Amino acid sequence: MGTIEIEFAPHWVNASLVRTLARPFVTIDGVEHRQSWAEPSTYELASGGHELTAFIRYRGMTSALGTGRRHVELGAEQHLRLRARNGWANHMPFELQLRLAPGLDA
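The structure presented is a predicted model; accordingly, all values stated were derived computationally and were not measured.

The rules we used
- Residues numbered from 1 in each chain as written.
- Predicted model: local features only at pLDDT ≥ 70, side-chain atom pairs only at ≥ 80, totals over all residues.
- Heavy atoms only, no water.
- Helix = DSSP H or I, 4+ residues; strand = E, 2+ residues; numbered from the N terminus.
- Rg over C-alpha atoms; globule rule 2.2 N^0.38 Å.
- Buried < 20%, exposed > 50% of the residue type's maximum accessible area, 1.4 Å probe, protein only.
- Contact = heavy atoms within 4.5 Å.
- Areas by Shrake-Rupley, 256 points an atom, 1.4 Å probe, with all protein chains shown as cover.
- Lys, Arg positive; Asp, Glu negative; His and termini not counted.
- Charge placed at Lys NZ, Arg CZ, Asp CG, Glu CD.
- Salt bridge = Lys/Arg side-chain N within 4 Å of Asp/Glu carboxyl O.
- Phe/Tyr/Trp six-rings, centres within 6.5 Å; stacked < 30°, edge-to-face > 60°.
- Lys NZ or Arg CZ within 6 Å of the ring centre and 35° of its normal.

**Quick look at the overall build of the protein chain**
(1) Moving on: Scanning the protein chain from N- to C-terminus turns up one helix and nine strands.
(2) Moving on: Going from N to C terminus, the protein chain has its helices and strands arranged as β-α-β-β-β-β-β-β-β-β.
(3) Moving on: Its C-alpha radius of gyration of 13 Å places the protein chain within 12% of the 13 Å reference for a compact globule of 106 residues.
(4) Moving on: The C-alpha extent of the protein chain, read off along each of the three principal axes, is 40 × 30 × 20 Å.
(5) Moving on: Within the protein chain, the fraction of its 106 residues that count as buried is 41%.
(6) Moving on: Relative to all contacts within the protein chain whose residues are 6 or more apart in sequence, the contacts with residues 24 or more apart total 58%.
(7) Moving on: In the form shown here, the protein chain has an accessible surface area of approximately 6000 Å², with 54% of it arising from carbon and sulfur atoms.
(8) Moving on: With 11 positive and 11 negative side-chain charges, the protein chain shows a spacing of 10 Å between the two charge centroids.

If you want it as structure tokens, here you go:
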């Protein structure tokens, strides 16, 4: 088993709008999880390949917006850190970026 830590960090251009009006979500192998803008979430997963999807939903809506996808390979006892960040415009998808350490991205 390994762990994946995911944090959501909207682009500074639209951060105030998105943080106020939308909720972040991630799916891991098709299972949806609600995220927080303020804190990362950690998930314990089996070793092997996993499909991740990051997106937002505006409050009161059911549509997934800004959907970004990434496949990751997780080793036994491995801890991966990912940051979901959208582009400066709301239609731009979230990118799940690998983080090497806090404040240091791959």
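Anyway, onward from the coordinates.
**A few points about the pattern of salt bridges**
(1) Moving on: On inspection of all chains with the given rule, the structure shows four salt bridges.
(2) Moving on: Taking the shortest distance from any N to any O, the salt bridge between E5 and R81 comes out at 4.0 Å. One end of the pair, E5, is in strand β1 (residues 2-8); the other, R81, is in strand β7 (residues 79-85), and 76 residues separate them in sequence.
(3) Moving on: Classification of E5 by relative accessible area gives partly exposed; the value is 21%.
(4) Moving on: Here R81 falls in the partly exposed class, since its relative accessible area comes to 29%.
(5) Moving on: Between E7 and R99 there is a salt bridge, with the nearest N and O atoms lying 2.4 Å from each other. Note that E7 is positioned in strand β1 and R99 in strand β8 (residues 95-101), a separation of 92 residues in sequence.

**What to know about the environment of Y58**
(1) Moving on: With respect to the helices and strands, the residue Y58 is situated in strand β5 (residues 48-58).
(2) Moving on: Sequence-wise, Y58 and V18 are 40 residues apart; in three dimensions their C-alpha atoms are separated by 8.1 Å.
(3) Moving on: Apart from the residues within four sequence positions on either side, Y58 is in contact with L17, V18, L21, A22, L65 and N90.

**Section: the packing of aromatic side chains**
(1) Moving on: Inspection of every chain in the model, using the stated rule, returns three aromatic pairs.
(2) Moving on: Between F8 and W37, the aromatic rings sit 5.9 Å apart at their centres with planes inclined by 90°, giving edge-to-face as the arrangement. A residue pair is termed long-range when its members are at least 10 positions apart, and F8 in strand β1 and W37 in the loop between β3 (31-34) and β4 (41-45) qualify at 29 residues. Taken as a pair, F8 and W37 share a single burial class, namely buried.
(3) Moving on: What links up through ring pairs into an aromatic cluster is the set F8, W37 and F94.
(4) Moving on: Over the aromatic face of F25 sits the side chain of R57, whose NZ or CZ is 4.7 Å from the ring centroid.

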